[in-house]
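Per-entry structural report
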Amino acid sequence: MTTHLQRVYSDIAQRYERVNHMFTLGLDMVWRRLAVSMIRPSNVAGTWLDVCSGTGEMVELLAQSAKPATRLVAADFSSDMIHVAKRKSLSRTVLFTLADAGSLPFKDESFDLITISFATRNLTRTRDQLLHTFQEFNRVLKPGGVFLNLETSQPPQTLIRTGFHLYVNIMVNHLGPLLAGSKSGYSFLSNTVRRFHDAKSLAHLLRVSGFQHVSYRRIMFGIAAIHLAIK
Ligand SMILES: C[S@@+](CC[C@H](N)C(=O)[O-])C[C@H]1O[C@@H](n2cnc3c(N)ncnc32)[C@H](O)[C@@H]1O
């Protein structure tokens, strides 16, 4: 069954990447690169999963930095997003899977690394749902495996936070529909930016979900944050 949310992503799939780069002034690409460098990919081998893989930008960076024997899996619940990703010529073979992040079709302890970028805030509406999703990531991660989360966050300084929310409201809410042709999709994505957790509270949720050694780095005054956690 196709949910409303899957339709939202399918509607914006073709233009998602271009519009996203425009809104973030290209910084999303810089932040993904930074996130991948923080994993120190050469230290983590085995099987890697990028959840909510979208058009494949994150999994391509993983592909570029992984050791040759690493197996790469990408999961997303929008077949249109997967379709866009599959059309690209990626650096190496990636197994694309149509799957919901809250109920992954993988056995316990399957992966050495799980990444998610710019998707966590749209996955869940409540704290309990987010905990459930993090627990699902924890379930399919091997003991000692690494979880990386790159997401927008809440700048600690009120003035910067207010300016950031204003920018998102104008760009994503008002310009998004014009550029990407989906009004409901972009107002949903912009609302979740305002509602999402700050970096400290997200780190707490990761610990409650069963992860250890949770650390985070705020980027650009806290507009985004990269969390790393170990199972
Ligand atoms: C904002 S895009 C981010 C894509 C990509 N990770 C990136 O860095 O650009 C969010 C992606 O998450 C996917 N998604 C949202 N909720 C999902 C869920 N519950 N299960 C699987 N994929 C989901 C959407 O289809 C979309 O491709």
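So, a few notes on the structure that sits alongside this text. (Residues numbered from 1 in each chain as written. Predicted model: local features only at pLDDT ≥ 70, side-chain atom pairs only at ≥ 80, totals over all residues.)

With that out of the way, let us pick up the overall build of the protein. Secondary structure assignment for the protein yields ten helices and seven strands. Here the protein has a C-alpha radius of gyration of 17 Å; the compact-globule value for 231 residues is 17 Å, and the two agree. Once the C-alpha set of the protein is aligned to its principal axes, its extents read approximately 45 × 40 × 35 Å. By residue count, 41% of the 231 residues in the protein fall in the buried class. (Helix = DSSP H or I, 4+ residues; strand = E, 2+ residues; numbered from the N terminus. Rg over C-alpha atoms; globule rule 2.2 N^0.38 Å. Buried ≥ 20, exposed ≤ 12 C-beta atoms within 10 Å, placed from the backbone.)

Looking at the ligand, there are 19 residues lining it, with Tyr9, Cys52, Gly54, Phe77 and Ser78 nearest. Of the residues contributing to the shell around the ligand, the split by class is ten nonpolar, six polar and three charged. (Near = placed C-beta within 6 Å. Nonpolar A, V, L, I, M, F, W, Y, C, P; charged D, E, K, R; others polar.)

We now examine the pairing of strand 3 (residues 95-98). Relative to strand 3, strand 2 (residues 71-76) runs parallel, the two sharing four bridges. Paired with Asp76 across the strands is Leu98, a residue of strand 3. As a crossover connection, the stretch from strand 2 through helix 5 (residues 79-87) into strand 3 is right-handed. (Pairing = 2+ DSSP bridges. Right-handed = clockwise from strand over helix to strand, strands pointing away.)

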